[in-house]
Each structure stands twice: as C-alpha cells, then as structure tokens.
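# Survey of secondary and tertiary structure
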Amino acid sequence: MAALLVRGVRDMLKRADFATVPRRQRHKKKWASTEPKFPATRLALQNFDMTYSVQFGDLWPSIRVSLLSEQKYGALVNNFAAGDHVSAELEQLKARDFVNEAVFHREPEPENSQTAAPSPASWACSPNLRCFTFTRGDVSRFPPARLGSLGLMDYYLMDAASLLPVLALGLQPGDTVLDLCAAPGGKTLALLQTGCCNLAANDLSTSRTSRLQRVLHSYVPQDVRDKNRVRVTSWDGRKWGELEGDTYDRVLVDVPCTTDRHSLHEEENNIFQRSRKKERQMLPMLQVQLLAAGLLATKPGGHVVYSTCSLSHLQNEYVVQGAIELLDNQYSIKVHVEDLTHFRKLFMNTFSFFPSCQVGELVIPNLMANFGPMYFCKMCRMT
C-alpha cells in the first residue's frame with residue numbers, strides 16, 4: 001500500500017507542468033531574507049563586549065551586568081512648586097538629598113597640607129539643587145510625581161548622575177547660560193532650578209524641543225517662561241560660535257552619543273540599528289564640532305561642561321582633546337581642563353567613579369549604585 005502511494009505521488013509530480021507557472025509567481029527560498037536579523041540591542045551588546053572589555057579590562061564584567069540590570073533614579077525636587085513637605089515625604093521613603101548631604105559634609109583641606117588648595121571652580125556646585133536618591137544597595141523605586149497646589153509637578157525623576165554636569169558648571173547668580181543640546185529636558189530643568197541664570201536651551205530636533213517644551217510646561221511657571229528666563233530654539237548647534245560667539249558665562253554641551261544603557265534595552269531610536277551605522281561612526285566628529293561651538297560661544301574666562309551618557313573614551317576624553325586642539329590650531333584660543341578630583345570626592349558615596357580617566361570624570365554603573373554611565377569634563381576658556 002505504501003509503495004502504491006509513493007508511486008502515485010511520483011506520477012503526479014511528473015504530470016505537473018511547472019514551466020507554465022509565470023516566473024514572478026514562482027517561489028524561491030531566499031536564505032538571506034529568512035535568516036533571523038539580530039535586534040539592535042544585541043548588536044549594541046556585541047559592540048560593547050568587543051570595545052569595553054579592552055577599555056575597562058577586569059571591570060567590564062561588573063559594568064556589563066549593571067548596564068543590563070534595572071537603573072536607579074533620583075528625584076529632583078521642583079523648587080518652583082514644592083514646599084518642604086515634598087522633601088519630608090521623600091525622607092519618609094528613606095531617601096536622602098545626596099547634593100546637600102555631600103556639600104554640607106565636605107571636609108576642608110588641612111591647613112598644613114602640602115598639596116595646593118583646590119580652586120573654588122574645582123569643587124563649587126550650582127546652588128539650590130535638591131535631589132533625593134536611595135542609599136547604596138537599596139533598589140526601592142520612587143512613586144510617580146504628582147501635581148502640586150500650583151499645578152506643577154512636585155519632582156522630576158532622572159538618572160541622578162545626569163545632575164553632575166549641571167552641578168559641575170558651578171552656576172553663579174546672574175549667569176547667562178547656554179544648554180546647547182537641551183532635549184529631552186532634565187538638565188535644562190535642573191539649570192532653571194538653581195534660580196541663577198538666564199537660559200538659552202537649544203536642540204536641533206524640533207520633535208525633541210517639543211518634548212522639552214512639555215517638560216517646561218509641567219515644571220516651570222508661565223511667568224518664568226515668559227520673562228526671558230528661558231529661550232528655546234531649534235538651531236544647528238555646530239554653528240553656535242558663529243551665531244552667538246563670546247556670549248555666555250556657562251555652556252553645557254550634553255552631546256548626542258551612543259546612549260549606552262538605552263541602546264541595550266530599547267529597540268526604538270536605537271543608534272545600533274544597521275541603517276544608522278554611518279551615523280554612529282560619525283558621532284565623534286559631530287561631538288567635537290558641538291564642543292568646539294560651545295567653547296566659541298563662551299566668553300573668555302567662562303566655563304564649559306561637556307557630557308555624554310556613554311562609556312566610550314572615543315566619545316569622551318578623545319573628543320575633549322580633539323576640540324581643544326581644534327580651537328588652538330584654528331582660532332588660537334586656549335582652553336584649560338579643570339581638575340574635578342575634589343568634586344568627585346564630594347559624591348563618591350553616591351556614585352561609582354572610574355579611576356583612570358585621562359581628563360574629566362566618568363560614573364560607571366555598579367549594582368550597588370546603578371547610575372550612569374555619565375561622563376563629564378569641565379573646561380575654562382582662557383582667551
């Protein structure tokens with residue numbers, strides 16, 4: 001019976017006239033199209049394993065597992081909306097204000113110390129900022145922010161390490177400040193919380209500046225937004241030196257980068273998508289151009305903080321060095337990199353810092369303090 005069945009199938013196949021099937025309707029197995037494509041998150045991890053294992057050596061396994069684990073957040077208190085009751089409520093959650101705790105407990109240098117005393121710029125922090133975090137090893141989550149009595153949100157949840165570039169700027173009352181790559185708005189909001197500055201907030205992407213505007217509407221009173229305290233634009237940041245050169249006391253250059261943690265967790269807008277390979281390769285050049293523009297926009301004697309949320313030294317130290325050389329060679333402008341050692345000591349109880357940065361400071365993710373990555377470097381334009 002089985003033999004008859006097989007013979008019948010063979011006869012049927014012989015009688016079938018495949019030549020009459022139009023070519024466009026024939027099925028061909030295309031192996032390239034049927035093979036599974038790696039998601040961008042997996043491509044990002046492969047890239048990091050190759051590059052960061054060399055850059056960080058024995059530290060990479062612990063950084064890797066931390067990057068793949070849940071991130072910790074801080075609650076930036078909204079000074080425009082919140083009274084002391086918000087801080088009290090956060091303290092009841094066993095959270096602590098890591099900013100004021102660090103500055104209050106800063107140890108003065110011994111009078112007989114042989115080391116040179118740090119300059120005020122090396123440790124001074126932008127004032128009035130309150131940000132609560134849970135202690136090391138505590139993985140508690142903050143509840144969602146609520147509307148206060150003034151119709152503004154009580155606090156803003158952000159990676160607490162993202163506050164360090166703003167603190168490092170060392171804002172002073174009356175400063176004119178440029179946030180060159182402002183969206184989505186966490187650092188812009190923190191700059192306004194200091195109450196020190198008239199702020200220009202820029203981002204090339206109009207969709208991202210729309211998101212920035214939503215953050216400002218949720219957290220900043222209308223009278224502050226309307227009194228020229230903050231100006232939002234969507235210009236090409238690389239041209240800012242031509243648009244408003246020698247203008248600002250302080251400039252924050254928080255550049256587009258590989259956003260390492262996002263790249264490992266989110267497919268949407270992931271720079272490791274195959275279609276964005278060239279864009280990713282051109283990032284260091286874009287970053288140098290943006291930092292150079294930020295330095296050109298700064299007054300002589302003013303300060304710039306460059307920051308990324310990447311671990312890559314190609315996007316961090318190398319960009320700083322490249323921009324400094326560019327300004328020296330093309331504009332005869334001298335730039336001095338500030339020593340942030342004392343600043344790092346202020347916050348070492350909250351964050352884990354990489355000990356071997358050539359210039360600047362790098363917060364590395366750690367399971368006990370899973371913030372970052374966040375690189376930041378402070379510079380002074382000398383001429």
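Here, every reference points to the structure presented above.
A brief report on the enclosed structure follows. Only a predicted model underlies this, so the values are computations on that prediction, with no experimental measurement involved.

## Side note on the side chain of Thr-258
You can see Thr-258 is positioned in the loop between strand E8 (248–254) and helix H13 (260–265). The exposure class assigned to Thr-258 is buried, which follows from its relative accessible area of 5%. Here the side chain of Thr-258 touches Ser-310 through a polar contact of 3.2 Å, side chain to side chain. Discounting residues that sit within four places of it in the chain, Thr-258 has contacts with Ser-263, Ile-271, Phe-272, Arg-280, Leu-283, Ser-310 and Gln-315.

## A few points about the packing of helix H9 (residues 186–193) against helix H10 (residues 206–219)
At a minimum axis distance of 9 Å, the contact between H9 and H10 shows a crossing angle of 35°. Seen along the crossing, H9 lies across H10 with a hand that is right-handed. In this structure, H9 uses Thr-188, Leu-189 and Leu-192 to contact H10, whose residues at the interface are Leu-212, Val-215, Leu-216 and Tyr-219. In terms of residue class, the contact of H9 with H10 is built from 6 nonpolar, 1 polar and no charged.

## Let's talk about the packing of aromatic side chains
How two aromatic rings sit relative to each other is given by the distance of their centres and the angle of their planes. A full pass over the atoms with the stated rule returns 15 aromatic pairs. Relative to Phe-376, the ring of Phe-343 has its centre 5.8 Å away and its plane inclined at 70°; by these criteria the two rings are edge-to-face. Within this pair, whereas Phe-343 is found in helix H17 (residues 341–346), its partner Phe-376 is found in strand E12 (residues 374–381), the two being separated by 33 residues in sequence. Looking at Phe-343, the relative accessible area reads 0%, which means it is buried.

## Section: unusual backbone geometry
Following Ala-183, the chain continues to Pro-184 via a peptide bond in cis, the omega torsion being 10°. Considering the arrangement of structural elements, one finds Pro-184 in the loop between strand E5 (175–179) and H9. For the peptide bond that leads from Gly-372 to Pro-373, omega is 10°, which places it in the cis range. In this fold, Pro-373 is placed in the loop between strand E11 (361–363) and E12. Its identity is not glycine, yet Lys-94 carries a phi of approximately 75°, on the positive side. Note on placement: Lys-94 falls in the loop between helix H5 (84–92) and strand E2 (96–97). By relative accessible area, which is 64% here, Lys-94 ends up exposed. Backbone geometry at Asn-269 places phi at a positive 55°, although glycine is not the residue there.

## Some words on the packing of helix H15 (residues 283–297) against helix H16 (residues 317–331)
Where H15 meets H16, the axes come as close as 9 Å, and the angle between the chain directions of the two elements is 55°. Classified by the interaxial angle, the pair formed by H15 and H16 is oblique. Note that H15 runs across H16; the crossing there is right-handed. For the pair formed by H15 and H16, the contact residues are Pro-284, Gln-287, Val-288, Leu-291, Ala-292, Leu-295 and Leu-296 on the first element and Val-319, Val-320, Gly-322, Ala-323, Leu-326, Leu-327 and Tyr-331 on the second. In terms of residue class, the contact of H15 with H16 is built from 12 nonpolar, 2 polar and no charged.

Rules and cut-offs
Residues numbered from 1 in each chain as written. Predicted model: local features only at pLDDT ≥ 70, side-chain atom pairs only at ≥ 80, totals over all residues. Heavy atoms only, no water. Helix = DSSP H or I, 4+ residues; strand = E, 2+ residues; numbered from the N terminus. Buried < 20%, exposed > 50% of the residue type's maximum accessible area, 1.4 Å probe, protein only. Polar contact = N/O pair within 3.5 Å; in protein donor to acceptor, adjacent residues only side chain to side chain. Contact = heavy atoms within 4.5 Å. Axes fitted to C-alpha atoms, helices over the stretch in contact; angles between N-to-C directions. Left-handed = near helix turned anticlockwise from the far one by under 90°. Nonpolar A, V, L, I, M, F, W, Y, C, P; charged D, E, K, R; others polar. Phe/Tyr/Trp six-rings, centres within 6.5 Å; stacked < 30°, edge-to-face > 60°. Parallel < 35°, antiparallel > 145°, perpendicular 65-115°, else oblique.

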